[in-house]
Amino acid sequence: PIDVIKVLMHNGIMASINQRIDYETAALVAHEFGFEPREQRPPEAVEEEGPSLLWQRLYAGEDPSKLKPRPPVVVVLGHVDHGKTTLLDAIRRTNVAAQEVGQITQRIGAYQVEYNGRKITFLDTPGHEAFTQMRARGAQVTDIAVLVVAADDGVMPQTREALAHARAARLPIIVALNKIDKPTANIERVMSQLAELGLVPQEYGGDTIVVKVSAKQRIGIEDLLEAILLVAETREIKANPDRPAVGTVIDARVDRRGPVATLLVQNGTLKQGDIIVAGATYGRVRAMFDDRGRPLKKAPPSTPVEVLGLSDVPEAGDLFEVAESERQARELAERRAAERQRQRQVRRMSLEDLYRRMQA
Ligand code: GDP
Ligand code: MG
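Going by an unreviewed UniProt entry, the protein chain carries the name Translation initiation factor IF-2 and comes from Thermoflexus hugenholtzii JAD2. The annotation that UniProt attaches to the protein chain under Sequence similarities (unreviewed entry) is "Belongs to the TRAFAC class translation factor GTPase superfamily. Classic translation factor GTPase family. IF-2 subfamily." The UniProt entry for the protein chain carries this comment under Subcellular location (unreviewed entry): "Cytoplasm".

Have a look at this one:
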């Protein structure tokens, strides 16, 4: 048990010895110990089990006839140095007018691009740490995973890990086979490595889309965007824009303007002036900006926005929702703050207990 708890801690989950963990988390631990986990329930049973708690909160009382397509939300995962950051940059630049490129300095944790008149939202926090941490906190924000694999290096330990995360989250996976410009690139070799992992490329008769790209030379970027839109089409990626907003905190910090939070609207539309509760913080949305710093009055589903007006800095992975009144928002935020304080104390006690056991 101590080894299991250590692995959990390593992944940012402070679990006590008798705590229940969900399948995804358990799968992660199993992987760390070199096991290939398999969920016992068949996937159909999971569907029948009904909506998850998160889904219930995001879509509570939703009339299915009001759901409309929304942009897919994509996360980029992969081994260190295989080109995640470069790829996210290349995608972002593809969509920005040349004279604007110099102005992209701001990073808000997520951005949106438009391709052939359709939008795609990218989480701009590459690496699976941020993704894992958010998921460990129950946040579920992504629809599609792009797994970056360098064509010279091939499948590496973190490629497998990233794949395990994407699978545990049941995300459709698109492979971006990067660095094809390198003379040392060995595409055939990587293709067969992928096939061994169960990601059989379409060219090999499988159903995994593998897009050959060079993030550095910006080759294949549009093919990748096209592949994302293609996969998105096969999924029910929908929300109701005509209701108060609900979503997740992607990132938060304090700057000279006070607490600044990047929120991803997942259902409903967030409007300037709305009163929101975000985790244990609350406030009126005083101003909203898109990922290029342009002011916004409204943010429909799948839009990442930078929001000013919160009382404090929420945590990444916190849910946010529009409240009915400032008073209701404040009360809810204060109750949560007190509950978190209590949980921190409980955790500290169980950690101290753990250290004692480890030393014993
Ligand atoms: P990350 O750790 O996955 O975010 O990887 P980075 O985006 O930081 O890239 C790691 C290194 O690989 C950097 O030196 C990049 O310039 C380089 N790189 C990324 N993409 C390509 C590519 O398509 N071709 C080549 N030749 N180098 C690349
Ligand atoms: Mg990086």
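Having seen the structure, we can now continue with the description.
## Here we look at the packing of helix 1 (residues 2-10) against helix 2 (residues 23-32)
Running from amino to carboxyl end, helix 1 crosses helix 2 at an angle of 110 degrees, the nearest separation of the two axes being 10 Å. Here helix 1 is positioned roughly perpendicular relative to helix 2, judged by the angle of their axes. Residues Val4, Val7 and Leu8 of helix 1 pack against Thr25, Val29 and Glu32 of helix 2. Residue classes in the contact of helix 1 with helix 2 are distributed as four nonpolar, one polar and one charged.

## Thoughts on the pairing of strand 13 (residues 281-289)
In terms of burial, strand 13 is a largely internal element, seven of the nine residues being buried. Sheet analysis places strand 12 (residues 275-278) next to strand 13, joined by four bridges and oriented antiparallel. Residue pairing across strands places valine 277 opposite tyrosine 282, the latter belonging to strand 13. Counted between consecutive antiparallel strands, the loop separating strand 12 from strand 13 contains two residues, among which glycine 279 sits at a positive phi close to 55 degrees. Relative to strand 16 (residues 304-310), strand 13 is paired through four bridges, and the arrangement is antiparallel. The residue bridging methionine 288 from the neighbouring strand is valine 307, located in strand 16. Looking at chain direction, strand 13 and strand 14 (residues 295-296) are connected through two bridges and run antiparallel.

Definitions and cut-offs
Residues numbered from 1 in each chain as written. Chains lettered and ligands numbered in written order. Predicted model: local features only at pLDDT ≥ 70, side-chain atom pairs only at ≥ 80, totals over all residues. Heavy atoms only, no water. UniProt positions renumbered as here; feature names shortened; annotations may be inferred. Axes fitted to C-alpha atoms, helices over the stretch in contact; angles between N-to-C directions. Helix = DSSP H or I, 4+ residues; strand = E, 2+ residues; numbered from the N terminus. Parallel < 35°, antiparallel > 145°, perpendicular 65-115°, else oblique. Contact = heavy atoms within 4.5 Å. Nonpolar A, V, L, I, M, F, W, Y, C, P; charged D, E, K, R; others polar. Buried < 20%, exposed > 50% of the residue type's maximum accessible area, 1.4 Å probe, protein only. Pairing = 2+ DSSP bridges.

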